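What follows is the residue order along each chain.
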Amino acid sequence: MAEALTCDNRLTQEYLDIVDEIIKPYRGQPGNLIQVLHKAQSRVGFLPREVQVKVADGLGVPLTKVYGVVSFYSLFNTLPKGKHKITICAGTACYVRGAKQLINQLKEDMDLEPGGTTEDGMFSLDLVRCIGACGLGPVVTVDDEVHGKVHREKLTKIMAKYKEE
Amino acid sequence: MEMYRSHVLVCAGAGCISSDCKSVQQALLANINDLRLDNEVKVVETGCMGPCDLGPVVMVFPDGVFYRKLKPEDTREIVNEHLLKGKVVTRLLHSPVGSSEKVVSFNELEFFKRQTRIALRNTGVINPESVEEYIARDGYRALGKALSQMTPEEVVITIKESGLRGRGGAGFPTGLKWQFTAAAPGSPKYVVCNADEGDPGAFMDRSILEGDPHSVLEAMAICGYAIGANKGYIYVRAEYPLAVERLELAISKGREYGLLGENIFGTGFSFDVEIRVGAGAFVCGEETALLASIEGQRGEPRPKPPFPAQEGLWGKPTVINNVETLANIAQIVLNGAPWYASMGTEKSKGTKVFALAGKVNNTGLVEVPMGTTLREIIFDIGGGINGGKKFKAVQTGGPSGGCIPEAYLDTPVDYDSLNELGTIMGSGGMIIVDEDTCMVDLAKFFLDFVQDESCGKCAPCRIGTKRMLEILERITSGQGQEGDIELLEELSYGIKNSALCGLGQTAPNPVLSTLRYFRHEYEAHIRDHKCPAAACPELLTYYIDPRACKGCGVCSKACPSDAVIGEKKKPHTIDLNKCIKCGTCKQKCKFDAVITV
Ligand SMILES: Cc1cc2nc3c(=O)[nH]c(=O)nc-3n(C[C@H](O)[C@H](O)[C@H](O)COP(=O)(O)O)c2cc1C
Ligand code: FES
């Protein structure tokens, strides 16, 4: 598991500036909360408290509400993710074609569970509910690369490729 | 526009992307450039053509030759032989399941031949990034016709008379929804497109947005004119980044060409569209939750009435329509209500897009008239079950729906026939399962899904689905008790009657429906501690087939509980008292000697 943020690994000023930059056009517009959080997460990688505070101040929304939104939507995360983000689709089509076995495989081979990150911080795993490539289930994505019809050997191969890097 | 003698369409839908169509396209372009054909041949990247299982797929026009399962190295032959010399590369053609004959043209394939494409008319045919191509295929003519020749009331009446019903799940008559919103007091009014596509296993909305984004924008503008709105929002799920990108491009092109924005076609009517991206919450597909999410709130639903037609976005009258619903609008306006109403069944007009997925041969997207039978869809178009297995059921309607067993395969599909069978049309996802799927496990999958996605606002959904899930977990792990089935039924009806929104009200459906048709599977789990499909790991018994076992010892080394015993080179056996049913031996055995019953 990645560690929760401590004083030592606070966001650097550079990232805080980026967040300020993102907020600027939406100042005082609470309706854009979700869009701003998306933008912040895509640049910073996650949404720690400091970012939420900035967004709350900038848009004029109470911090509790920002946190309420962050915790409601499954795509927002408050902890950093691994260097490579693996997602396994756990939608119906992928499920009936063996997504569960792939999830078990990562658990056995890499001690990686949904929502978790490997100890070396290289990989994190999340489940998604369908990415719309159902015709080719089970589907696994690593970062932006989509792999269809994944089975045991194929997954081993894909992981090996990323481990080499 | 420049003239090309040939167009090569490369499918870049979600399925083909995951089978790496990008490399195929690059290789194709490189080969075309090598032979200096780039002035004569144009490569067009399209949205989903439909036959996802055959990807990466390419069609060569004007002849419509259909190549499938391409590798980058195959493109050289296509360019050399087909594009240069005009000879079709037979090796790369498709032969349908169960036939060895190669089919040259796409419209000779059963898969395409039996379809009627209205919502998907442009998807997989045009370059989705080109507004010109959309316009060349009658794009924005319907908007022009509505604005210049029809009153808003006439537009509403046309949609009403067409019989179009909402494709997002509930099947509410679209014209009526527009009429209510047009008549509702309050202003401004809004048009919202529901592109949250929550049903896992359905991907038609994604394909339309990625393959033909202007069809949705045009329809939203027509709706805006009909109900008196000047602003629209498209709520797209974040899992569809390419759809967002294509929409953004389409909106900016639309504005540039004066098809969106102020004073469209000089008629004084203004309409503009903004995109809102979701953040991974299934419940946001429910219309009131979706509106809350657009407003930047937690996506929690609220009780209806008031309906969005009266009090929608920011409390103002709002039409919410699904992507596929909207994709039909322009054609209805152009061709008239009687044309559309001539297709389909008595109460469900027009066509419906289905997403075939699961254990079917031709996974992909198909559009057929309402009233087509399940057998035609799954067997004639879908090519039947893969791996020679036996069809068991088709699941429709996702987490809110149910399953249909073999006995009802000849049912003509429409909203009402599916309701009678205890399921729903939903968004049109069809997950086909074979004999290897355990129906109790499938029900558990859906319960796990809704349990996870329940927003927690109302207790029946939050707590009730959790209790149901626990019972199902108990049953599938062999701990089921007499009375569990009755308890599941009681909870189901309780939740259906008391949950706040559609999510909870329909959550028990997968359980009720599997109980209706596959009760014996539940009973076998509970009474005999057996899983008839041999899918629930904890109910399996592992044996080693002495005839197949070579005594290599791989399994006994791998077994975490030392349950495999036997001498080297002699058939091994499994000590059932020690076996923890982890399945490792079966995975490791190279001779398929480990069997489960
Ligand atoms: C839990 C739940 C999830 C839903 N998800 C979707 C969805 O993903 N896409 C959609 O178009 N409609 C969805 N709906 C239906 C919408 O609430 C609404 O009926 C629909 O968008 C109306 O558009 P239509 O009349 O064009 O179908 C969902 C409903 C419920 C109760
Ligand atoms: S169910 Fe996995 S991509 Fe749709």
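On a predicted model such as this, the values are computed, not experimentally measured, just so you know.

So, how was this worked out
The written sequence of each chain sets the order in which its residues are numbered from 1. Think of it this way: whatever chain is written first is A, whatever ligand is written first is 1, and the rest follow in order. Selection of residues for local features in this predicted model requires a pLDDT of at least 70, selection of side-chain atom pairs for listing and counting requires 80 or more, and totals for whole chains, interfaces and linings are taken over all residues. Based on all heavy atoms of the structure, the side-chain values leave hydrogens and waters out of the count. Source of the domain bounds: an automatic or database domain assignment. The near set for a molecule or strand comprises every residue that places at least one heavy atom within 4 Å of it. Polar contacts, as counted here, are pairs of nitrogen or oxygen atoms within 3.5 Å of one another; within protein the pair requires one atom able to donate a hydrogen and one able to accept it, and residues that are adjacent in sequence qualify only if both atoms are side-chain atoms. Here the Shrake-Rupley method, with its probe set to 1.4 Å, supplies the accessible areas, and only the displayed protein chains count as covering residues. Helical segments are the DSSP runs of H or I of at least four residues, strand segments are the runs of E of at least two, and each set is numbered from the N terminus. Burial classes: relative accessible area under 20% of the type maximum marks a residue as buried, over 50% as exposed, and values in between as partly exposed (1.4 Å probe, protein chains only). Pairs of residues are marked as contacts when any of their non-hydrogen atoms sit within 4.5 Å. Two strands qualify as a pair provided that DSSP identifies no fewer than 2 bridges between them. Between the N-to-C directions of two axes lies an angle of 0 to 180 degrees, each axis being a line fitted to C-alpha atoms and, for a helix, fitted only over the stretch in contact.

## Points about the domain arrangement of chain A
Piece 1. Domain annotation of chain A identifies domain 1 (13-72) and domain 2 (84-164).
Piece 2. Between the C-alpha centres of domain 1 of chain A and domain 2 of chain A the distance comes to 29 Å.

## What to know about the site of ligand 1
Residue and element names in this part refer to chain B.
Piece 1. Around ligand 1 sit 18 residues in total, of which Gly168, Gly198, Asn321, Asn322 and Thr325 are the nearest.
Piece 2. Residue glycine 198 places a main-chain N or O atom 2.7 Å away from an oxygen atom belonging to ligand 1.
Piece 3. In the model, an oxygen atom of ligand 1 is placed 2.7 Å from a nitrogen or oxygen of the threonine 325 side chain.
Piece 4. Its free accessible area being 600 Å², ligand 1 has 89% of it covered by the protein chains.
Piece 5. Counting only elements with at least two residues in the shell around ligand 1, the list comes to strand E8 (318-322) and helix H20 (502-506).

## Focus on helix H3 (residues 49-59) of chain A
Residues and elements named next belong to chain A.
Piece 1. What H3 keeps buried is the set Glu50, Val51, Gln52, Val55, Ala56, Gly58 and Leu59.
Piece 2. Next to the buried residues of H3 lie helix H1 (13-23), helix H2 (33-44) and helix H4 (63-72).
Piece 3. Backbone geometry just downstream of H3 places glycine 60 in the positive-phi region, at approximately 75°.

## Brief notes about the sheet that holds strand E1 (residues 6-11) of chain B
Strand pairing within a sheet occurs via backbone hydrogen bonds; the two strands may be parallel or antiparallel.
All names here are of chain B.
Piece 1. One open sheet holds the four strands; their spatial order is E2-E1-E3-E4, and the pairing between them is mixed. The strands lining the two open edges of the sheet, one partner per strand, are strand E2 (41-46) and strand E4 (65-67). The average angle at which neighbouring strand axes cross in this sheet is 20°, direction not considered.
Piece 2. In this structure, E1 lies alongside E2, joined through six bridges in parallel fashion. From the neighbouring strand, valine 10 faces E2, where its bridge partner is glutamate 45.
Piece 3. The sheet strands contacting helix H3 (residues 74-85) are E1, E2, strand E3 (58-61) and E4, and the helix crosses E4 at an angle near 170°.

## Examining the pairing of E3 of chain B
All names here are of chain B.
Piece 1. Note: E1 against E3, four bridges, orientation antiparallel. By the bridge assignment, valine 8 is partnered in E3 with valine 60.
Piece 2. Two strands pair when backbone bridges link them, and E3 and E4 are joined in this way by three bridges, in the antiparallel orientation. Looking at E4, one finds that valine 58 is bridged to tyrosine 67.
Piece 3. The antiparallel pairing of E3 with E4 creates a hairpin that spans three residues between the two strands, and glycine 64 there sits at a positive phi of about 75°.

## Quick look at the sheet that holds strand E5 (residues 189-195) of chain B
Residue and element names in this part refer to chain B.
Piece 1. Reading across the sheet, the four strands line up as E7-E6-E5-E8 and stay open at both edges, with parallel pairing between neighbours. Lying at the two open borders of the sheet, with one neighbouring strand each, are strand E7 (272-277) and E8. Each neighbouring strand pair of the sheet contributes to a mean axis angle of 20°, computed without reference to strand direction.
Piece 2. Inspection of the sheet shows E5 paired to E8 by five bridges, in the parallel sense. Each bridged residue has a counterpart across the sheet, and for asparagine 194 the counterpart in E8 is asparagine 322.
Piece 3. Together, strand E6 (229-236) and E7 form the strand contacts of helix H11 (residues 241-256), whose direction differs from that of E7 by roughly 165°.

## Details of the environment of valine 57 of chain B
Residue and element names in this part refer to chain B.
Piece 1. Of note, valine 57 is situated in the loop between E2 and E3.
Piece 2. Placed 301 residues apart in sequence, valine 57 and glycine 358 show a C-alpha to C-alpha distance of 20 Å.
Piece 3. Discounting residues that sit within four places of it in the chain, valine 57 has contacts with Leu9, Val10, Cys11, Cys16, Met49, Pro51, Phe66, Tyr67 and Arg68.

## Looking at the side chain of threonine 181 of chain B
All names here are of chain B.
Piece 1. Residue placement: threonine 181 occurs in helix H8 (residues 174-183).
Piece 2. Residue threonine 181 is classed as buried on the basis of its relative accessible area of 0%.
Piece 3. In contact with threonine 181, other than residues within four places in its own chain, are Lys189, Ile227, Ala309, Pro317, Thr318 and Val319.

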